[in-house]
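# Analysis of the macromolecular model
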Amino acid sequence: MIQQTFNILAICGAAGFSGVMLCIGVTLGGYWRSLPPEEFLTWFAANNHFVSNTIPLIVGPTLIGLGGSLWAGWGAPGFALWVASGLCMLVVLGLTFAYFVPTNAAFASKSIEVAATAAKLDQWLMLHKLRIGVAMIGAILGCIALKMSA
């Protein structure tokens, strides 16, 4: 029972994280691109906390679920897929802390040059798509692992 709880938490967490990022990328990304650079930076400075406060709410349970799935499923069928799912989430977290946190801080503090803002936003959205895809793959791998152990 505990293993299933961890598995469900890991899968739902990874899928939820992917969904949150998809909403940010599609809804906000489209809106951000429609704004002149100065207005985008002003919006981001005023509203970044709404975006950044959402991420820990979903990443924490995901990591607990993945850790528990690895611990409870050690050596079981599908264990390698849980490892792969965990690696996907580590890639997502690596991108988040190495690129997105500092870039978001630059947008929010308006320390990026206005002339470079549109190009930086385009780069942000391209890497964000990668992050969405990797998180989705992590969730899918968890689903396959769960099916293998059933």
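Everything that follows concerns the structure shown earlier in this document.
### Let's talk about the side chain of Asn 48
Its location among the elements puts Asn 48 in helix 2 (residues 37–72). Not counting residues within four places of it along the chain, the set of residues in contact with Asn 48 comprises Asn 104 and Ala 108.

### Some remarks on helix 2
Every α-helix carries 3.6 residues per turn, so stepping three or four residues along brings you back to the same face. Helix length check: helix 2, at 36 residues, gives a terminal C-alpha distance of 49 Å against a target of 52 Å (1.5 Å per residue), a fit within 8%. Along its length, helix 2 shows its largest kink, about 55°, at Asn 47.

### Let's talk about the packing of helix 1 (residues 2–34) against helix 4 (residues 114–149)
At a minimum axis separation of 8 Å, helix 1 and helix 4 run at an interaxial angle of 160°. With respect to helix 4, the axis of helix 1 lies roughly antiparallel. Relative to helix 4, helix 1 is oriented so that their crossing is left-handed.

### Points about the pattern of salt bridges
Should their charged atoms come close, side chains of opposite charge can pair. For the structure on display, the rule yields one salt bridge. Salt-bridge contacts for Asp 122 lead to Arg 33; the nearest nitrogen and oxygen are separated by 3.0 Å. Of the two residues, Asp 122 is situated in helix 4 and Arg 33 in helix 1; the sequence distance between them amounts to 89 residues. Note on Asp 122: relative accessible area 36%, which makes it partly exposed.

### Quick look at helix 3 (residues 79–109)
When the terminal C-alpha atoms of helix 3 are compared, their 43 Å separation across 31 residues agrees well with the 45 Å that a helix rising 1.5 Å per residue should span. Of all the bends in helix 3, the largest measures some 40° and sits at Thr 96. A positive phi of about 60° marks Lys 110, the residue just after helix 3.

### Some remarks on the packing of helix 1 against helix 2
For the pair helix 1 and helix 2, the least separation of the axes is 6 Å and the interaxial angle reads 160°. Compared by their axis directions, helix 1 and helix 2 come out roughly antiparallel. Crossing of helix 1 against helix 2: the hand is left-handed. Partitioning the contact of helix 1 with helix 2 into residue classes produces 22 nonpolar, nine polar and no charged.

What counts and how
Residues numbered from 1 in each chain as written. Predicted model: local features only at pLDDT ≥ 70, side-chain atom pairs only at ≥ 80, totals over all residues. Heavy atoms only, no water. Helix = DSSP H or I, 4+ residues; strand = E, 2+ residues; numbered from the N terminus. Contact = heavy atoms within 4.5 Å. Expected span 1.5 Å × (residues − 1). Bend = angle between axes of the 7 residues up to and from the residue. Axes fitted to C-alpha atoms, helices over the stretch in contact; angles between N-to-C directions. Parallel < 35°, antiparallel > 145°, perpendicular 65-115°, else oblique. Left-handed = near helix turned anticlockwise from the far one by under 90°. Salt bridge = Lys/Arg side-chain N within 4 Å of Asp/Glu carboxyl O. Buried < 20%, exposed > 50% of the residue type's maximum accessible area, 1.4 Å probe, protein only. Nonpolar A, V, L, I, M, F, W, Y, C, P; charged D, E, K, R; others polar.

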